[in-house]
Structure formats: structure tokens, C-alpha cells
Amino acid sequence: MSNKSINKRLALIFALMISTVNTAWAQGVTITNSDGDAMTGMVVYLHGASSHQPNDNAIREPIEIHQNNKQFTPYITVIQKGYELQFVNDDDITHHIYSASGPKRFSFKLRKDNAQQAMLFDQVGHISMGCNIHDWMSGHLLVVDTPYFGVTDTNGFIDFESVPPGQYQVVIWHPQLLSQDNLVTVESQWPLAQALTITVDAPMADIPSQQSLDDFEFLEGY
């Protein structure tokens with residue numbers, strides 16, 4: 001084979017590689033604020049006619065919320081409707097976890113030494129959580145009716161894979177987002193022709209401090 005033919009073949013392979021990378025990257029969404037800064041830790045999910053189709057690759061079990069250093073970790077968890085969630089106490093003290101609001105109400109104690117509590121969530125909605133013993137602790141759970149969801153990384157980016165073609169609402173949600181129902185929606189056709197950047201104009205409230213003002217444990221009756 002001549003050098004000319006080899007160069008043509010290499011150029012074709014390189015072009016195909018670039019095309020594949022661009023196509024994969026195009027299925028991602030970047031969330032920025034009005035100043036153009038990346039918005040980290042934002043829940044993003046797709047809602048549409050095809051969003052109820054099963055996608056075995058969308059969720060990796062077990063899904064867990066930990067109580068670690070007297071904090072909910074992670075602060076925000078998103079889960080698909082119908083999936084089980086594990087609450088895990090990593091601390092060497094007792095926690096009394098409860099739902100402050102939302103479609104599923106619960107209250108239970110998690111004693112020290114890696115105590116766990118499993119729970120199934122079969123209704124969509126936002127559930128805010130607290131601890132009856134440590135009143136500064138707060139966490140949030142969002143249950144969605146779609147397998148296409150996630151949380152933005154430090155670059156404000158989230159990647160979606162294997163999304164069926166169709167019209168979707170791209171929903172951006174955060175408990176501190178100061179908008180109606182704490183969310184912003186944008187209509188988009190999938191697959192994306194190019195990478196999508198969404199600017200959120202609504203302001204964000206500060207995340208509450210996740211630590212006690214004094215070192216005191218009230219454990220009477222626990």
C-alpha cells in the first residue's frame with residue numbers, strides 16, 4: 001500500500017474518532033448560572049414520553065445515604081421511583097432520622113456501629129430529612145419517574161447515555177434553587193445535535209451549615 005493510501009486511511013480513522021467523541025460529548029448537559037459559572041451538585045433529569053422506558057445502566061445499586069460526622073452524605077440524593085434506599089449510620093452515636101416533608105413519611109432510630117435501615121420509595125417527589133437528636137442535620141431526597149437522571153460534577157456537567165430519541169423536558173432541581181418548586185425546565189430534542197448548555201437565572205440560597213454550634217449530645221431516652 002502506498003504512503004498516500006495509508007495517509008488517507010489514517011485521516012479517515014481520525015475523522016471517525018473525532019466524530020464519535022463529538023457525538024458522545026453532545027449527549028451531555030452543562031449547567032451554569034447567570035455569571036457563566038458552573039453549577040455543581042445540581043440534579044438534572046429528563047422527563048418525556050420515552051423517559052419511562054427501562055434503562056438497566058442508569059442505576060447502580062445499592063443506593064445509600066450515610067450519616068457521617070453528623071451530616072447526611074450526600075446532602076442530595078436522587079433515586080428512581082420503585083427503588084430501595086439504604087440509610088447507613090457511620091457515626092459512633094445514635095441518629096433519629098425523620099422526613100420533614102414529602103410524599104413518604106418516616107421516623108426511625110439508627111444506633112451506632114454501622115446500623116442500617118432499608119426503605120422502598122414508590123412515589124415521586126421531594127423529601128427533606130432531618131435528625132431529631134442533631135437538629136442542624138439536613139438532607140434531601142428526590143424521587144423521579146425516569147431512569148435518566150444524575151447530579152452535575154465540578155464542571156456543572158452531566159452525561160446521559162442511551163436516551164431514546166424524542167422530545168424531553170430537561171429538569172434542573174436543587175432544594176436551594178429560588179424558583180417555583182425549586183426547579184427550572186428547558187425543552188430539548190434528543191439526541192442532541194450539539195452539547196447543551198443551560199443557563200439558570202434563578203438565584204441560589206446558601207446551603208445550611210451542617211455542624212453544631214456547640215459540642216453537646218442529648219441522648220436521654222435513646
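Note that the structure is a prediction, hence the values are computed from the model and not measured. (Residues numbered from 1 in each chain as written. Predicted model: local features only at pLDDT ≥ 70, side-chain atom pairs only at ≥ 80, totals over all residues. Heavy atoms only, no water.)

**Quick look at the side chain of His 134**
- Tracing the sequence through the fold places His 134 in the loop between strand S10 (125-131) and strand S11 (138-144).
- Residue His 134 is classed as buried on the basis of its relative accessible area, which comes to 1%.
- Of the polar contacts made by the side chain of His 134, one reaches the side chain of His 95; its length is 3.1 Å. (Helix = DSSP H or I, 4+ residues; strand = E, 2+ residues; numbered from the N terminus. Buried < 20%, exposed > 50% of the residue type's maximum accessible area, 1.4 Å probe, protein only. Polar contact = N/O pair within 3.5 Å; in protein donor to acceptor, adjacent residues only side chain to side chain.)

**A word on the confidence of the model for the protein**
- Looking at the protein as a whole, its pLDDT mean stands at 83, while 77% of the residues score no less than 70.
- Across residues 10-25 the pLDDT falls below 50, and counting only partners more than four positions away or on other chains, this stretch makes three contacts in the model. (pLDDT = per-residue confidence, 0-100. Contact = heavy atoms within 4.5 Å.)

**Notes on the packing of aromatic side chains**
- In this structure the tally under the stated criterion is six aromatic pairs.
- Considering the side-chain rings of Phe 87 and Phe 106, the 5.7 Å spacing of their centres and the 55 degrees angle between planes classify their relative orientation as tilted. Here Phe 87, found in strand S6 (residues 83-89), pairs with Phe 106, found in the loop between strand S7 (95-101) and strand S8 (107-110); they are 19 residues apart in sequence, far enough to count as distant.
- Here Phe 106 falls in the buried class, since its relative accessible area comes to 9%.
- Among the aromatic side chains, those forming a connected cluster through ring pairs are Phe 87, Phe 106, Phe 108 and Phe 121.
- Taking the ring centre of Phe 121 as reference, the NZ or CZ of Lys 104 above it sits at 5.8 Å. (Phe/Tyr/Trp six-rings, centres within 6.5 Å; stacked < 30°, edge-to-face > 60°. Lys NZ or Arg CZ within 6 Å of the ring centre and 35° of its normal.)

**So, the environment of Val 78**
- Tracing the sequence through the fold places Val 78 in strand S5 (residues 76-80).
- Along the chain, Val 78 and Val 144 lie 66 residues apart, while their C-alpha atoms are 7.3 Å from each other.
- Not counting chain neighbours up to four residues away, the residues in contact with Val 78 comprise Val 43, Leu 142, Val 144, Phe 149 and Val 151.

**Some thoughts on the sheet that holds S6**
- If you trace the four strands from one edge of the open sheet to the other, you get S4-S3-S6-S9, paired in mixed fashion. Both edges of this open sheet fall to strand S4 (72-73) and strand S9 (116-121), since each of them pairs with a single strand only.
- Here two bridges tie strand S3 (residues 63-67) to S4, and the two strands are oriented antiparallel to one another. Bridged to Gln 67 within S4 is Phe 72. (Pairing = 2+ DSSP bridges.)

**Examining unusual backbone geometry**
- Following Thr 73, the chain continues into Pro 74 via a peptide bond in cis, with omega recorded as 0 degrees.
- Mapped onto the secondary structure, Pro 74 falls in the loop between S4 and S5.
- With an omega of 5 degrees, the peptide bond running from Trp 190 to Pro 191 counts as cis.
- Mapped onto the elements of the fold, Pro 191 is located in the loop between strand S15 (183-190) and strand S16 (196-200).
- One non-glycine residue, Lys 70, adopts positive backbone phi at about 60 degrees.
- Judged by relative accessible area, Lys 70 falls into the partly exposed class, the value being 22%.
- A positive phi is found at Asn 182, a non-glycine position, where the angle reads about 60 degrees.

**Points about the side chain of Gln 67**
- Positionally, Gln 67 belongs in strand S3.
- For Gln 67, a relative accessible area of 0% translates into the label buried.
- In this structure, Gln 67 is in contact with Phe 72, Phe 87, Val 88, Asn 89, Asp 90, Asp 91, His 95, Ile 97, Leu 110 and Met 137, ignoring residues within four places of it in sequence.

**A closer look at the nonpolar core**
- Core analysis: the biggest nonpolar cluster contains 21 residues, and Leu 85, Phe 87, Ile 97, Phe 106, Phe 121, Met 129 and Leu 141 have the highest contact counts within it.
- When residues of this core are traced back to their parent elements, those giving at least two are S3, S6, S8, S9, S10 and S11.
- Among the elements that take part in this core, S10 stands out by supplying three residues, more than any other.
- For Phe 121, the residues in contact, after removing those within four places along its chain, are Gln 80, Lys 81, Gly 82, Tyr 83, Leu 85, Phe 87, Lys 104, Phe 106, Ile 127, Leu 141 and Val 143. (Core = buried A, V, L, I, M, F, W, Y, C linked by side-chain atoms within 4.5 Å.)

**Describing the sheet that holds strand S14 (residues 166-173)**
- In space, the four strands of this open sheet follow the order S12-S2-S14-S15, with antiparallel pairing throughout. Because the sheet does not close on itself, it has two edges, and the strands there are strand S12 (149-151) and S15. Neighbour to neighbour, the strand axes of the sheet diverge by 25 degrees on average, direction disregarded.
- In terms of strand pairing, strand S2 (residues 43-48) meets S12 through three bridges, oriented antiparallel. Residue pairing in the sheet places Val 43 in a bridge with Val 151 of S12. (Axes fitted to C-alpha atoms, helices over the stretch in contact; angles between N-to-C directions.)

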